[in-house]
Amino acid sequence: DRPFEIDDYIVVWDISGTVEHIGIKTTRIRALSGEELICSNADLLGSRVRNYKRMVERRAVCNLGIVYQIDYKLLVKIPKILEKIIDDIAYARFDRANFKSFGDSSLLFELVYYVQVPDNDYNEYMNTQQKINFEIFKKFEQEKIGFAYPTQTLHISKD
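This report concerns the structure included in the present document. (Residues numbered from 1 in each chain as written. Predicted model: local features only at pLDDT ≥ 70, side-chain atom pairs only at ≥ 80, totals over all residues. Heavy atoms only, no water.)

## Quick word on the nonpolar core
So, point 1. Counting residues in hydrophobic clusters, the biggest one holds 27 residues, and the most contacted among them are Ile-78, Leu-111 and Phe-140.
So, point 2. Those elements that place two or more of their residues in this core are strand E6 (58-66), helix H2 (72-75), helix H3 (78-87), strand E7 (92-102), strand E8 (107-115) and helix H4 (122-143).
So, point 3. Setting aside residues up to four positions removed in sequence, Phe-140 forms contacts with Leu-64, Ile-66, Ile-78, Ile-81, Leu-82, Ile-145 and Phe-147. (Core = buried A, V, L, I, M, F, W, Y, C linked by side-chain atoms within 4.5 Å. Buried < 20%, exposed > 50% of the residue type's maximum accessible area, 1.4 Å probe, protein only. Helix = DSSP H or I, 4+ residues; strand = E, 2+ residues; numbered from the N terminus. Contact = heavy atoms within 4.5 Å.)

## What to know about the side chain of Thr-27
So, point 1. Note that Thr-27 resides in strand E3 (residues 26-30).
So, point 2. In terms of polar contacts, Thr-27 uses its side chain to reach the side chain of Asn-41, at 2.5 Å.
So, point 3. Setting aside chain neighbours within four positions, we find Thr-27 in contact with Phe-4, Val-19, His-21, Ile-22, Leu-37, Ile-38, Cys-39, Asn-41 and Leu-44. (Polar contact = N/O pair within 3.5 Å; in protein donor to acceptor, adjacent residues only side chain to side chain.)

## Some words on the sheet that holds strand E4 (residues 36-40)
So, point 1. Spatially, E4-E3-E2-E1-E5 is the arrangement adopted by the five strands of the open sheet, whose pairing is antiparallel. Each having just a single partner strand, E4 and strand E5 (50-51) make up the two edges of the open sheet.
So, point 2. Strand direction decides the pairing type here: E3 and E4, joined by five bridges, are antiparallel. Looking at E4, one finds that Arg-30 is bridged to Glu-36. (Pairing = 2+ DSSP bridges.)

## A short note on H4
Given 3.6 residues per helical turn, the α-helix brings residues three or four places apart onto the same face.
So, point 1. Here H4 contains 22 residues, and its C-alpha end-to-end distance of 32 Å stays within 8% of the 32 Å for a straight helix at 1.5 Å per residue.
So, point 2. Turning to H4, its buried residues number three or more, namely Tyr-125, Thr-128, Gln-129, Ile-132, Ile-136 and Phe-140. Seen end-on, H4 carries its buried residues on one side only, within an arc spanning 100 degrees. Residues of H4 that are exposed and angled more than 90 degrees away from the buried face: Asn-123, Phe-134, Glu-141 and Gln-142.
So, point 3. Where H4 is buried, its residues touch E6, H3, E7 and E8.
So, point 4. Two to three positions downstream of the cap, the backbone nitrogen of Asn-123 sits 3.0 Å from a side-chain oxygen, assigning the N-cap of H4 to Asp-121.
So, point 5. Trailing H4 by a residue or two, Lys-144 shows a phi angle of about 65 degrees, which is positive. (Expected span 1.5 Å × (residues − 1). Arc of directions from axis to C-beta.)

Spelled out as structure tokens, the structure:
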């Protein structure tokens, strides 16, 4: 059983990085920060190994807060707007978009989609997320859909 190979990106405990060498007793992992981590194979195999290199797609969840002052007719269009944005982006696959709840200072929407990137390239995954975020911002600006931010209203009375 080979849970990982050279060049796989793995996470075990608090260790993460790219496998550089697999020896008889130890495995060398190159962390993102550059240092080399040397781990006992017995310890590695006795733990849960997350192998990101073998991922076919990554799930992304995006939470959006919309202002309470939005018109209802525009509010109900938001899930379809989000679906179209995802459908128009290469490597992205729409799962769902829902009006999730009434938040303290916003109407909360949850968008879920998957990103299928060739060779499981994390940079391309992040570039795809960025494209989606830019498109959401642009479309919401065009439609006059306002993003909410935490606010409070104080009512002062003379009693």
